[in-house]
Amino acid sequence: MMEADIESRFRSAGLDVVGWFTGSGGPSVTEAFHKVVHIDAEPVERIPRRAAGAAQRVDEAWRDHARRGDVLSDDRSFLVAVGMDHGWLRVRMTDDADVTALVDPQGELLFIARSLSGHRVCAASAEGDEYWILEADFREQGADGDAT
């Protein structure tokens, strides 16, 4: 997928695209993925996929957990996982943003967001008959990404 296509996908979900993250601090997309999406993952919130207004509930729950977990910076920007090969894209939350608009062609959702500092990750995913909100703490890693 071309960078312009990737950026367009996030813009169409109502996010302001700030630019590609080129830093080395904090967890990589792979490290974040493995910490929040694994067999023993315990969601902090579960929403039935068939529930009335499920998409809106997922979007609101993700926003709430991202705010409380300090994933969003003061200007509401954060990093979003684009894929193992593409890394992180810096985006800014808008009032019109909807993370559930990022479902794949099969209707599956996997949205992994990281704080700019790398200390916190908040994800929304589709798991079986539920949507899950997942969180992970990376505070044990220093600013350069190394364990301290």
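What this report covers is the structure whose coordinates are included nearby. Everything numeric in this text was worked out from a predicted model, so none of it was measured.

**Things to note about helix α3 (residues 54–68)**
Counted at 1.5 Å a residue, the expected span for α3 with its 15 residues is 21 Å, and the 21 Å between its end C-alpha atoms agrees. Of the surrounding secondary structure, the elements contacted by the buried residues of α3 are β2 (45–48), β3 (77–83), β5 (110–114), β6 (120–127) and β7 (130–137).

**Brief notes about the layout of surface pockets**
Each pocket or cavity is described by its volume, and for the largest pocket that value is around 400 Å³. Forming the boundary of the largest pocket are 19 residues, of which Arg 9, Ala 81, Val 82, Gly 83 and Leu 110 lie nearest the centre. Taken together, the elements giving at least two residues each to the lining of the largest pocket come down to α1 (3–12), α2 (29–36), β3 and β5. Here the element with the most residues in the lining of the largest pocket is β3; it accounts for four residues. Its residues assigned to classes, the lining of the largest pocket comprises 14 nonpolar, two polar and three charged.

**Considerations on the nonpolar core**
Proteins that are soluble and globular tend to have nonpolar side chains buried together. Counting 29 residues, the largest nonpolar core has Phe 10, Leu 15, Trp 62, Phe 78 and Phe 111 as its most contacted members. For this core, the secondary-structure elements that each account for two or more residues are α1, α3, β3, β4 (87–92), β5, β6 and β7. Not counting residues within four places of it along the chain, the set of residues in contact with Phe 78 comprises Leu 15, Trp 62, Val 71, Leu 72, Leu 89, Arg 90, Val 91, Met 93, Phe 111, Ala 113, Arg 114 and Leu 116. Grouped together as the second largest cluster of nonpolar side chains are 14 residues, Val 29, Leu 79, Trp 88 and Val 121 included.

**Some words on the pattern of salt bridges**
Within this structure, the stated rule accounts for nine salt bridges. The closest approach of N and O atoms between Arg 49 and Glu 108, which form a salt bridge, is 3.4 Å. Separated by 59 residues along the polypeptide, Arg 49 in the loop between β2 and α3 and Glu 108 in the loop between β4 and β5 bring together distant segments of the chain. Judged by relative accessible area, which is 32%, Glu 108 ranks as partly exposed. The shortest N-O distance in the salt bridge between Asp 129 and Arg 50 comes to 3.9 Å.

**Thoughts on the side chain of Ser 125**
Checked against the element boundaries, Ser 125 lands in strand β6. Overall, the relative accessible area of 1% leaves Ser 125 in the buried class. Polar contacts involving the side chain of Ser 125 include one to the side chain of Glu 127, which spans 3.0 Å. If sequence neighbours within four positions are ignored, Ser 125 has contacts with Leu 109, Leu 110, Glu 130, Tyr 131, Trp 132 and Leu 134.

The rules behind these values
- Chains are numbered independently. Their residues run from 1 in the order of the written sequence.
- Totals for whole chains, interfaces and linings use all residues, but because this is a predicted model, local features are given only for residues with pLDDT of at least 70 and pairs of side-chain atoms are given and counted only at 80 or more.
- Excluding hydrogens and water, the side-chain figures rest on all heavy atoms present in the structure.
- Every helix listed is a DSSP run of H or I at least four residues long, and every strand listed is a run of E at least two residues long, numbered separately from the N terminus.
- In a helix, the anticipated span is given by 1.5 Å times the number of residues less one.
- Whether two residues are in contact is decided by their heavy atoms, any of which lying within 4.5 Å being enough.
- Lining residues are those with an atom within 4 Å of a point, where the points come from a 1 Å grid over the protein atoms alone and group into cavities, where a 1.4 Å probe fits but cannot get out, or pockets, open sets with protein on both sides within 12 Å along at least five of seven lines.
- Grid points are joined across faces, edges and corners, and a volume is the space filled by probe spheres set on the points.
- All amino acids are sorted into three groups, where Ala, Val, Leu, Ile, Met, Phe, Trp, Tyr, Cys and Pro are nonpolar, Asp, Glu, Lys and Arg are charged, and the leftover types, Gly among them, are polar.
- Residues belong to a common nonpolar core when they are buried Ala, Val, Leu, Ile, Met, Phe, Trp, Tyr or Cys residues joined through side-chain atoms within 4.5 Å.
- When a residue's accessible area, from a 1.4 Å probe over protein chains only, is under 20% of the maximum for its type it is buried; when over 50% it is exposed; and in between it is partly exposed.
- For this analysis, a salt bridge means a side-chain nitrogen from Lys or Arg found within 4 Å of a carboxyl oxygen belonging to Asp or Glu.
- The definition of a polar contact used here is a pair of N or O atoms within 3.5 Å, where within protein one atom must be able to donate a hydrogen and the other to accept one, and adjacent residues in sequence count solely through side-chain atom pairs.

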